Amino acid sequence: MKDRLFIAVLCLALFCVQVAASSTSGSLSYADSYILRAKGIEALYWNPAALSLDHQELILPGSNLMVWVYNNSFDLETYNRISGRYLTESDKAEILGKVDEALKLNSEARFTVVGLTFGNVAFATGVRAVADGSLSEDCLRLVLYGNEDTDYAFDKKENQVSGLVYQDFTIGFGDWDITQYAAGLSFPAIRVGASISGLIGFGAASTEKFSGFLHSGLDGLALDQQIVLRTGIGGIGAKGMIGMRSEPLCGLLVGLTLDNIYGHIRWFGDKDLHTYRVASDSVYVSNIEEDIFNTEAVSENTGNFTTTLPPEFRIGALYGHGRANLSADWALGFADSQITKALGVISLAAEYYPLPQFPLQFGVKFGNSNEPVSFSYGLVFRSRYFEAGLGCRTWGSLFPGYTVKGFSAATNLKIHL
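Residues numbered from 1 in each chain as written. Predicted model: local features only at pLDDT ≥ 70, side-chain atom pairs only at ≥ 80, totals over all residues. Heavy atoms only, no water.

A few points about the packing of aromatic side chains
Thinking step 1. Across all of its chains, the model carries 9 aromatic pairs by this definition.
Thinking step 2. Each ring, one from F362 and one from Y377, has its centre 5.4 Å from the other, and the planes form 55 degrees; the classification is tilted. Residue F362 is located in strand β16 (residues 358-365), and its partner Y377 is located in strand β17 (residues 374-382); the two are separated by 15 residues in the primary sequence.
Thinking step 3. Overall, F362 belongs to the partly exposed group, its relative accessible area being 31%.
Thinking step 4. Relative to F386, the ring of F381 has its centre 5.6 Å away and its plane inclined at 45 degrees; by these criteria the two rings are tilted.
Thinking step 5. Exposure remark for F381: the relative accessible area of 27% places this residue in the partly exposed category. (Phe/Tyr/Trp six-rings, centres within 6.5 Å; stacked < 30°, edge-to-face > 60°. Helix = DSSP H or I, 4+ residues; strand = E, 2+ residues; numbered from the N terminus. Buried < 20%, exposed > 50% of the residue type's maximum accessible area, 1.4 Å probe, protein only.)

Printed below as a string of structure tokens:
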């Protein structure tokens, strides 16, 4: 029974698939090193300062799609090897050795429904879904080995789930040279832009409380586990974004953005707190088959509540020379939330043009405790009339294979006007 339960958890870790990502489809091939590469409609979500008069485009429904899956601990080879058979002691030791404090699942989804640029002004609407969860190493140890220790305690820090789904309606402007107002000063042009989004919330869920203990001793087995989930359906909100870019040296671009300014969604529809509790006291082997567990499930309607979208800061640089260019981005959320992490992450990307219309793309995003290192590859055809590309991304492995902890593929199509 314990082995089956663990296999179910591992399947969830490896195959919790989401369509698209928080990244726009064009950024996949660059491992999200994109604030100085995004043009046209994608600049609304990455750096509105790049909404320039010389780049007009149209995105049609369904033309930009991405699928990804990853976890922070287990690779495909591990799953294939232990699936469908009895777990040995060495298997269990290996599994726990791969988990660093907690098994974490992080996934996001976004696709642009439609978008259009009008000179240095653009409009787009898209849908975004985010989901994450974690299960502590102690929980996994209990599943694998049973209650070897006398006492176990669990809390929300490493045991939680959350999710958020909303649609944005975004308009922005860019390519505004603010140095024209600094008369008498001589320095490179600084171009800025801004976007504002109205948000329609479809649904939200978050773990408000996760507390419990398991005690075994001469007085029997005692258990008390309580989980409180908050859910909401139907809400409205808003957020803003500002960005800048400049070329201080020939061929070198630098820029920064601040996203999720006053980001929030206020939930007005169905709003509930769901409380789940399992408790038992003084349970012995002799009565383990009896109905000795007290279970409770209560749902109550609550008042309106707000989901906060904390600000996220990004800074980047892009250098181009001849047929190649290199970029580096650093991103940091101001707080942990359903869409941001207060852990800085660095992305690097390179692009090479063997032919003017066929750039080759490569990127690497360095990992942290939430996400393993990932590598991206892309092939694009660019012409005067459209841009079409394919990209893939692997987590935990340089190339696709059995050692990956996740995989992503994307299509990208933009029509140039």
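A closer look at the confidence of the model for the chain
Thinking step 1. In the predicted model, the chain carries a mean pLDDT of 84, and 88% of its residues have values of at least 70.
Thinking step 2. Predicted confidence is poor over residues 1-22, with pLDDT under 50, and the contacts of this stretch with residues over four places away or in other chains come to 75 contacts.
Thinking step 3. For the stretch residues 284-290, pLDDT sits under 50, and the model shows 6 contacts to residues farther than four places along the chain or on other chains. (pLDDT = per-residue confidence, 0-100. Contact = heavy atoms within 4.5 Å.)

Points about the side chain of T275
Thinking step 1. With respect to the secondary-structure elements, T275 resides in strand β10 (residues 252-283).
Thinking step 2. Setting aside residues up to four positions removed in sequence, T275 forms contacts with Q226, I227, V228, E296, A297 and V298.

Quick word on the environment of G40
Thinking step 1. As for its placement among the helices and strands, G40 is situated in the loop between β1 (18-19) and α2 (43-46).
Thinking step 2. Each C-alpha atom, one on G40 and one on N120, is 8.5 Å from the other, the two residues being 80 residues apart in sequence.
Thinking step 3. Each residue touching G40, except ones within four places of it in the same chain, is listed here: A50, L51, H55, E57 and T117.

Considerations on the nonpolar core
Thinking step 1. Of all hydrophobic cores here, the largest spans 18 residues; its most connected members are Y34, L36, L44, Y45, W46, L51 and A124.
Thinking step 2. Elements supplying a minimum of two residues to this core: α2 and β5 (121-136).
Thinking step 3. The leading source of residues in this core is α2, at 4 residues.
Thinking step 4. Excluding residues within four positions of it along the chain, L51 makes contact with G40, A43, L44, N120, A122, G172, F173, G174 and D175.
Thinking step 5. Of all hydrophobic cores here, the second largest spans 10 residues; its members include V130, L164, W267 and I339. (Core = buried A, V, L, I, M, F, W, Y, C linked by side-chain atoms within 4.5 Å.)

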